[in-house]
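A structural walkthrough
These are the residues of each chain, in order.
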Amino acid sequence: RLIQVEVYGQRYSLRAEDEADSAYVEQLAAHVDRKMREIASTTPTVDSFKVAVLAAVNIADELLQMRGERKVVEDYINRKTRDIEALLDEGIKSAR
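Residues numbered from 1 in each chain as written. Predicted model: local features only at pLDDT ≥ 70, side-chain atom pairs only at ≥ 80, totals over all residues. Heavy atoms only, no water.

Describing helix α2 (residues 48-95)
- In this model, α2 (48 residues) spans 69 Å end to end at C-alpha, consistent with the 70 Å of a helix rising 1.5 Å per residue.
- For α2, the N-terminal cap is aspartate 47; the gap from its side-chain oxygen to the backbone nitrogen of phenylalanine 49 is 3.0 Å. (Helix = DSSP H or I, 4+ residues; strand = E, 2+ residues; numbered from the N terminus. Expected span 1.5 Å × (residues − 1). Polar contact = N/O pair within 3.5 Å; in protein donor to acceptor, adjacent residues only side chain to side chain.)

Description of helix α1 (residues 19-42)
- Counted at 1.5 Å a residue, the expected span for α1 with its 24 residues is 34 Å, and the 35 Å between its end C-alpha atoms agrees.
- Taken residue by residue, α1 has Ser22, Val25, Ala29, Asp33, Lys35, Met36 and Ile39 as its buried positions.
- Elements that come into contact with the buried residues of α1 comprise β1 (2-7), β2 (10-15) and α2. (Buried < 20%, exposed > 50% of the residue type's maximum accessible area, 1.4 Å probe, protein only. Contact = heavy atoms within 4.5 Å.)

Observations concerning the nonpolar core
- In this structure, Ile3, Val5, Val7, Ala16, Val25, Ala29, Met36, Ile39, Val51 and Ala55 together form the largest nonpolar core, which totals ten residues.
- For this core, the secondary-structure elements that each account for two or more residues are β1, α1 and α2.
- Looking at this core, the element that brings in the most residues is α1, giving four residues.
- Beyond its immediate chain neighbours, meaning those up to four positions away, valine 7 contacts Tyr12, Ala29, Val32, Asp33 and Met36. (Core = buried A, V, L, I, M, F, W, Y, C linked by side-chain atoms within 4.5 Å.)

Comments concerning unusual backbone geometry
- Of note, the phi angle at tyrosine 8 is positive, near 55°, even though the residue is not glycine.
- Following the sequence through the fold, tyrosine 8 ends up in the loop between β1 and β2.
- Classification of tyrosine 8 by relative accessible area gives partly exposed; the value is 23%.

In structure tokens:
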């Protein structure tokens, strides 16, 4: 199923598997459009290719930052899980 989205004044046909996927693809397109417009409003360039590249770099930066934050949270959860397992093991041993 093809859906129509608009990014930075250009229409694109993108494939979506179902209604939920269509909504997701529309959100993605809206995010890219928003980033491109933000960059265009703060950058003197009017070249849409340059705006697209800067938006891609900006979005990649967001992704990498979020991956780093997720890694910190995962490491914290893993540490706490090991701590709880150790406490449980101690409790089980002392209960015997």
